[in-house]
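# Descriptive analysis of the structure
Chain by chain, the residues run as shown.
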Amino acid sequence: MSVEHDKALAAKGRHIALVIAATMLGWLAVSLFIGPALGLAGRYALLFDFAALAGFIYAAVNIFQLWRMRQDSQR
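For every chain, the first residue of the written sequence is number 1, and numbering continues from 1 onward in sequence order. Thresholds applied to this predicted model are a pLDDT of at least 70 for local features of residues and 80 or more for the giving and counting of side-chain atom pairs; totals over whole chains, interfaces and linings are not thresholded and use all residues. Hydrogens are left out, water is left out, and the side-chain values use all remaining heavy atoms of the structure.

## Points about the overall build of the protein chain
Numbering of helices and strands runs from the N terminus; a helix is a DSSP stretch of H or I covering at least four residues, while a strand is a stretch of E covering at least two. The secondary structure content of the protein chain amounts to two helices and zero strands. In this treatment the radius of gyration is a C-alpha quantity, and the globule benchmark scales as 2.2 Å times the residue count to the 0.38 power. Relative to a compact globule of 75 residues, whose C-alpha radius of gyration would be 11 Å, the protein chain shows 17 Å and is clearly more extended. In terms of overall dimensions, the protein chain has a C-alpha envelope of 55 × 15 × 10 Å along the principal axes. Each residue gets one of three labels from its accessible area relative to the maximum for its type: buried under 20%, exposed over 50%, partly exposed in between, using a 1.4 Å probe on protein chains only. Sorting the 75 residues of the protein chain into buried and exposed places 16% on the buried side.

As structure tokens, this is what we get:
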């Protein structure tokens, strides 16, 4: 493996970690603090749940891509 490839793998891993952490923190903030404070209806809570689900699906796809990149680099 080259140094550039290692840096690309590390950068993709950091990106995935940031997406997961931001999604979780954002979802928790909206669900537990912001939504109840503003008195948002349940349909808005469902909207934020779906947004968080989309963020986690995006992260899962990127995890799969990272796994494939590592598998290709070992061959």
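## Observations regarding the side chain of lysine 12
Along the chain, lysine 12 falls in helix H1 (residues 3-38). In this description, contact between two residues means that some pair of their heavy atoms is separated by no more than 4.5 Å. Apart from the residues within four sequence positions on either side, lysine 12 is in contact with Asn62, Gln65, Leu66 and Met69.

## Examining the packing of aromatic side chains
Between rings of Phe, Tyr and Trp, where Trp is taken as its six-membered ring, a pair exists when centres lie within 6.5 Å; planes separated by under 30 degrees are stacked, by over 60 edge-to-face, and by other angles tilted. Tallied over the full model, the rule gives one aromatic pair. Centroid distance phenylalanine 64 to tryptophan 67: 5.8 Å. Interplanar angle 35°. Geometry classified as tilted. Residue phenylalanine 64 and its partner tryptophan 67 are located together in helix H2 (residues 42-74), separated by three residues, close to a single helical turn. Residue phenylalanine 64 is classed as partly exposed on the basis of its relative accessible area, which comes to 46%. The class for tryptophan 67 is partly exposed, based on a relative accessible area of 46%.

## Remarks on the side chain of threonine 23
Note that threonine 23 resides in helix H1. Among the residues examined, threonine 23 registers a relative accessible area of 15% and is labelled buried. Look past the residues within four positions of threonine 23 in its chain and what remains in contact with it is Ala52, Gly55 and Phe56.

## A closer look at H1
Multiplying 1.5 Å by the helix residue count minus one yields the expected span of that helix. Its 36 residues place the ends of H1 49 Å apart at the C-alpha level, agreeing with the 52 Å of an ideal helix rising 1.5 Å per residue. At every residue, the bend is computed as the angle between two fitted axes, covering the seven residues ending there and the seven beginning there respectively. The sharpest bend along H1 comes to roughly 45°, located at valine 30. Within H1, burial applies to Leu9, Lys12, Ile16, Val19, Thr23, Val30 and Gly35. Glycine 39 sits one or two residues past H1 and shows a positive phi near 70°.

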